[in-house]
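Next come the chains, spelled out residue by residue.
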Amino acid sequence: MNFNTKLLHDGVKKEPNGATFPPIFQSSAFAQESAEDLAGIFENKKMGYCYTRVANPTVSSFEERITKLEGGIGSVACASGMAALSMALLNILEAGDEIISSASLYGGSIDLFRDIEAFGIKTKYVKNNDWEEIEAAFNERTKVVFAETIGNPCLDVTDVDRLAKIAHSHGVPLIIDNTTATPYLIRVLDHGADIVVNSSSKYINGSSNSISGVLTDSGHFKWTKERYPVLGEYIKYGPFAYISKMRSGLYRNIGTCLSPFNAYLNVLGLETLGLRMDKQCSNALKLASWLQETYSDIQVNYPGLESSNWHTIANTILKNGYGAILTIRTGSKKRAFEIMNKLTIPYILSNIGDTKTLVVHPSSTISLHSTQKELEDAGVYDDLIRISVGIEDVEDIIEDFRNAIS
Ligand SMILES: *Cc1c(COP(=O)(O)O)cnc(C)c1O
């Protein structure tokens, strides 16, 4: 099946009463016929649901569709993208371990990596695609390599295939945050990544009506007792070691479950992911090209432009488009604020992946807690506006920018 057909027909569970769309099982717990049945579910010997913090039928409907879409063996949906990211990493890390991460990360992820230093987990940041620096960062405590496919808001593009090869040559998995690219542009598990994390609050949900995140395991990584003692008894499940430990361990015990209602909204959004991404990527390319051609005093950063340092790698690994986020440097913070305030269509807010066009000034908002070095690495400047392009008619967006800038 091709992408849009898959969204509608792949991984689609048979729902009760012939329902063509997952019903919302807004129930905290699920009764069984007998004490034996309930015991069987707790022992993982019987299929079924017991408590929504562990699993829920509506949430499973969402997870199963994502698993098929990403080409993995299992997914776990969480209350937020940050929860999914925390789970993805903490499932295999313990005190003393190190993460190697691309430096151009989403601000919230940098904040998270700082928070988990309190648990003895250190992060070494390396420039994306700087292979020498990446090789040099490994040691015996390295347990995972992490990167974003398209850095937010740096918009650098990771060579996922090459990074996966390097991680594997050191015996560690690659975890990719694919939020900004979505599986519409790249299925990172097909490119060697072992686990993919999506903040489904963004493009997957599409209309910004619920916060959520989801992680998917490829099942390809060979976990060993020696390198990953935290996986303990789960090692015996082979390809399912990672996902079973997650479901029965931290996910359940920290309590990061997704609400059934939000899972329902995500399935609703997911079905139109391809249509929206197609329009959003095409709008972003048109807006970026127009801004670059029209204004010599505005610097445009978009992987779809030949002027981007990451255009070549984007052409190699991305399909269907270059994403729907661009950034512009306006010359000063004052001018950036003035342009934002004069725009009438885009919302001023810190989010991406909405059907509507959004603008934000990262250095005074999402990157407020970053150090100078982190700002430089993330490509955040005082005069920079990030634009998340929506599905509006692009002529209207262009006209609005023309008026605001003049
Ligand atoms: C938004 C975002 C997150 C965090 O997701 P939430 O759903 O807001 O918790 C993580 N990574 C990237 C790239 C994001 O854009």
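Residues numbered from 1 in each chain as written. Predicted model: local features only at pLDDT ≥ 70, side-chain atom pairs only at ≥ 80, totals over all residues. Heavy atoms only, no water.

**A short note on the site of the ligand**
Using the following cut-off: Whether a residue is near a molecule or strand is decided by its heavy atoms; if any one of them lies within 4 Å of it, the residue is near. Contacts described as polar in this section are N or O atom pairs within 3.5 Å, which, within protein, must combine one atom able to donate a hydrogen with one able to accept it, while residues neighboring in sequence count only if both atoms come from side chains. Surface accessibility follows the Shrake-Rupley procedure with a 1.4 Å probe radius. Residue values consider only the protein chains on display as shielding. Side-chain classes follow a simple rule in which Ala, Val, Leu, Ile, Met, Phe, Trp, Tyr, Cys and Pro form the nonpolar group, Asp, Glu, Lys and Arg form the charged group, and the remainder, Gly included, forms the polar group.
Taken together, 13 residues lie around the ligand, and Gly81, Asp177, Ser199, Ser201 and Lys202 are the ones closest in. Within the backbone of Gly81, an N or O atom sits 2.8 Å from an oxygen atom of the ligand. A distance of 2.8 Å separates an oxygen atom of the ligand from a polar side-chain atom of Ser199. Against a free-state accessible area of 380 Å², the protein chains account for coverage of 93% of the ligand. Looking at the shell around the ligand, its residues break down into four nonpolar, seven polar and two charged.

**Brief notes about unusual backbone geometry**
Test applied: Runs of E in the DSSP output that reach at least two residues are strands. Runs of H or I that reach at least four are helices, and both are numbered from the N terminus.
The amide bond that connects Asn152 to the next residue, Pro153, takes the cis arrangement and shows omega of 5 degrees. Turning to its location among the elements, Pro153 is positioned in the loop between strand E4 (142-148) and helix H7 (160-169). Within the chain, Asn44 stands out as a residue other than glycine whose phi angle is a positive 60 degrees. Although it is not a glycine, Leu155 sits at a positive phi angle of roughly 65 degrees. Along the chain, the position of Leu155 falls in the loop between E4 and H7.

**Re the pairing of strand E5 (residues 174-177)**
Keep this limit in mind: To sort residues, take the accessible area from a 1.4 Å probe on protein chains only and compare it with the maximum for the residue type: under 20% means buried, over 50% means exposed, and anything in between is partly exposed. Each pair of strands is called paired provided DSSP finds at least two bridges between the two strands. Convention used here: a crossover is right-handed provided that the path from the first strand, over the helix, to the second strand proceeds clockwise when the strands point away from the viewer.
Neither face of E5 is exposed, since Leu174 and Ile176 on one face and Ile175 and Asp177 on the opposite face are all buried. The sheet contact formed by E4 and E5 spans four bridges and is parallel. What sits directly across from Phe146, in E5, is Ile175. What joins E4 to E5 is H7, and the crossover it makes is right-handed.

**Focus: the sheet that holds E5**
Under the convention used in this document: Lines are fitted to the C-alpha atoms to define the axes, a helix being fitted only along its stretch in contact, and any angle between axes, read from their N-to-C directions, falls within 0 to 180 degrees. By definition, residues are in contact when any of their heavy atoms lie within 4.5 Å.
The seven strands lie next to each other as E1-E7-E6-E5-E4-E2-E3, forming an open sheet whose pairing is mixed. Single-partner strands in this sheet number two, and they are strand E1 (74-78) and strand E3 (122-126). The sheet shows a mean angle of 20 degrees between the axes of neighbouring strands, taken without regard to direction. Pairing analysis gives five bridges linking E1 to strand E7 (residues 213-217), with the strands arranged antiparallel. By the bridge assignment for E7, Ala77 is matched with Val214. Strands E4 and E5 of the sheet are contacted by H7, whose axis makes an angle of about 150 degrees with E5.

**Digging into the packing of helix H12 (residues 273-294) against helix H16 (residues 394-405)**
Our working definition: Any angle that is under 35 degrees is reported as roughly parallel, and any over 145 degrees as roughly antiparallel; angles of 65 to 115 degrees are reported as roughly perpendicular and all others as oblique. By definition, turning the near helix anticlockwise from the far helix through less than a right angle yields a left-handed crossing, and turning it clockwise yields a right-handed one.
Direction vectors running N to C along H12 and H16 enclose 30 degrees, while the axes themselves pass 10 Å from each other. Taken as axis vectors, H12 and H16 run roughly parallel relative to one another. As H12 runs across H16, the sense of the crossing is right-handed. Residues Asn283, Lys286, Leu287, Trp290 and Leu291 of H12 form the contact with H16, whose participating residues are Val394, Ile397, Ile398, Phe401, Arg402 and Ile405. Residue classes in the contact of H12 with H16 are distributed as eight nonpolar, one polar and two charged.

**Section: the side chain of Glu15**
Rule in force here: His is not counted here, nor are the chain ends, while Lys and Arg score as positive and Asp and Glu score as negative. Think of a salt bridge as a Lys or Arg side-chain nitrogen and an Asp or Glu carboxyl oxygen that are within 4 Å of each other.
Looking at where Glu15 falls in the secondary structure, it is placed in the loop between helix H1 (3-9) and helix H2 (35-42). Among buried Asp, Glu, Lys and Arg side chains, Glu15 stands out as unpaired, with Lys13 the closest opposite charge at 4.9 Å. Here the side chain of Glu15 touches Ser61 through a polar contact of 2.8 Å, side chain to side chain. Setting aside its immediate chain neighbours within four residues, Glu15 contacts Phe21, Pro22, Pro23 and Ser61.

**Focus on the domain arrangement of the protein**
To be explicit about the condition: What fixes the domain bounds is an automatic or database domain assignment. Here the buried area means the combined drop in accessible surface, using a 1.4 Å probe, for two parts upon being joined, counting both sides.
Here the protein is described as being made up of domain 1 (3-269) and domain 2 (274-405). Listed per partner, the contact involves 40 residues of domain 1 and 39 residues of domain 2. Summing both partners gives a buried area of about 3,200 Å² for domain 1 against domain 2, and 60% of it is carried by carbon and sulfur. A per-residue breakdown of the area domain 1 buries against domain 2 is headed by Leu155, Tyr184 and Tyr203, which together make up 24% of the total.

**So, the packing of helix H3 (residues 57-70) against helix H11 (residues 260-270)**
Where H3 meets H11, the axes come as close as 7 Å, and the angle between the chain directions of the two elements is 35 degrees. The handedness of the crossing between H3 and H11 comes out as left-handed. Across the interface between the two elements, Thr58, Val59, Ser61, Phe62, Arg65, Ile66 and Leu69 from H3 touch Pro260, Ala263, Tyr264, Asn266, Val267 and Leu270 from H11. For the contact of H3 with H11, a count of residues per class yields nine nonpolar, three polar and one charged.

**Details of the sheet that holds strand E10 (residues 347-348)**
Read across the open sheet, the five strands follow the order E8-E9-E12-E11-E10; overall the sheet is mixed. Two strands in the sheet have a free side with no partner beyond their single neighbour: strand E8 (299-301) and E10. Relative to strand E11 (residues 358-360), E10 runs parallel, the two being bridged by two bridges. Directly across from Ile348, in E11, lies its bridge partner Val359. In the packing of H12 onto the sheet, the strands contacted are E8, strand E9 (325-329) and strand E12 (384-388), and the crossing angle to E9 comes to about 15 degrees.

**So, the pairing of E7**
For a regular strand, side chains alternate in direction, first toward one face of the sheet and then toward the other. By the criterion of burial, E7 is predominantly enclosed, with five of the five residues buried. The side-chain alternation of E7 yields two buried faces, one formed by Gly213, Leu215 and Asp217 and the other by Val214 and Thr216. Alignment of strand E6 (residues 195-198) against E7, held across four bridges, turns out to be antiparallel. Each bridged residue has a counterpart across the sheet, and for Asn198 the counterpart in E7 is Val214.

**Structural notes on H11**
A turn of α-helix holds 3.6 residues, and therefore any two residues three or four places apart point the same way. Summarising burial for H11: eight of the 11 residues are buried, a large majority. Each element contacted by the buried residues of H11 is listed here: H1, H3 and H12.

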